[in-house]
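One letter stands for each residue in the lines below.
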Amino acid sequence: MTPQLLWAIALGLFVMAVLFLTRFPYGWMVSSGVEPIRAVYYNRKIVHMVGSGLPTLAVPFVFESWVYPMVGGILLGVFIHLTHATGMRLYWFQTEENKNDVSFALMWWISLSFLWWLLGNPWLAILPALFMSFGDGVTGVVRNIWVRKRSKHPIGNLFMLAVCLPLAWVVGSVATPSIPVWSMLAAVAATVVERYEFGPIDDNVLIAVVSTAVLIVGAELGPLV
């Protein structure tokens, strides 16, 4: 096995472990008096930040090709879709009414592999996925605490921006081309569109598409400063 394949397997197992181990914080939260649906949404954001965010940060360090993240993302998306399609949902972070976890996996691999293929750089390629993972993750946690239900309250967007801006600056600075200001503009755009959903086009789709578009423009036009 090549090192890249080993890393792909290791990260895949890590993600699966996060998906199943979040059953324990769900049980703890419910037994502590947290409403089951609120526990589900806390767990979704744990999955966002730990199960997606950490592996995404590892991508530029362990992979030399976008193919491995793409295949891993596709396999994960198929698995998550099947849990819904078969009725065997992982109830501690999935609901029948909200299948955004499927679109999350879909947009993760599409944005990452497309940007890496187009721009030839893994750092810029991971930014939309980081916005979805850490930015939207923090947003959900804050809203769950503040509003105590799933909502699009603007308090979440303030915290999302506070997380995404420094992420964008650091990652955009080490990328080739180095476009930290464009990366921060992508973070602002992602934060703005996170508040909206249009039927099947949820916030994951909007965050990934809009931030990807800004990064493509930025890479084409070059650094602003």
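Asks: Where do I start with a nonpolar patch on the surface in this structure?
Replies: There is a patch of nonpolar side chains on the surface, built from Met1, Leu5, Leu6, Ile9 and Leu13 and spanning about 510 Å² of accessible area. Structurally, Ile9 can be placed in helix α1 (residues 3–21).

Asks: I keep staring at the side chain of Ser111 and nothing clicks. Help me out?
Replies: Relative to the elements of secondary structure, Ser111 occurs in helix α5 (residues 100–119). By relative accessible area, Ser111 is classed as buried at 3%. Of note is the side chain of Ser111, whose polar atom sits 3.3 Å from the backbone oxygen of Trp108. Ignoring any residue separated from it by four or fewer positions in sequence, one finds Ser111 in contact with Ala125, Pro128, Ala129, Ala208 and Thr212.

Asks: Quick question: what am I supposed to make of the nonpolar core here?
Replies: A general trend in soluble globular proteins is that nonpolar side chains are found buried together. The biggest cluster of nonpolar side chains holds 41 residues, and the ones touching the most others in it are Trp108 and Phe131. Among the elements of the structure, α3 (36–62), α5, α6 (122–146), α7 (154–174), α8 (180–193) and α9 (203–221) are those that each provide at least two residues to this core. It is α6 that contributes the most residues to this core, 10 residues altogether. Not counting residues within four places of it along the chain, the set of residues in contact with Trp108 comprises Ser52, Thr56, Val59, Pro69, Gly73, Ala129 and Met132. Listed in part, the 12 residues of the second largest apolar core include Val15, Leu19, Val47 and Phe93.

Definitions and limits used
Residues numbered from 1 in each chain as written. Predicted model: local features only at pLDDT ≥ 70, side-chain atom pairs only at ≥ 80, totals over all residues. Heavy atoms only, no water. Patch = residues over 30% accessible without salt bridge, like charges linked within 9 Å, V, L, I, M, F, W, Y side chains within 5 Å. Areas by Shrake-Rupley, 256 points an atom, 1.4 Å probe, with all protein chains shown as cover. Salt bridge = Lys/Arg side-chain N within 4 Å of Asp/Glu carboxyl O. Helix = DSSP H or I, 4+ residues; strand = E, 2+ residues; numbered from the N terminus. Buried < 20%, exposed > 50% of the residue type's maximum accessible area, 1.4 Å probe, protein only. Polar contact = N/O pair within 3.5 Å; in protein donor to acceptor, adjacent residues only side chain to side chain. Contact = heavy atoms within 4.5 Å. Core = buried A, V, L, I, M, F, W, Y, C linked by side-chain atoms within 4.5 Å.

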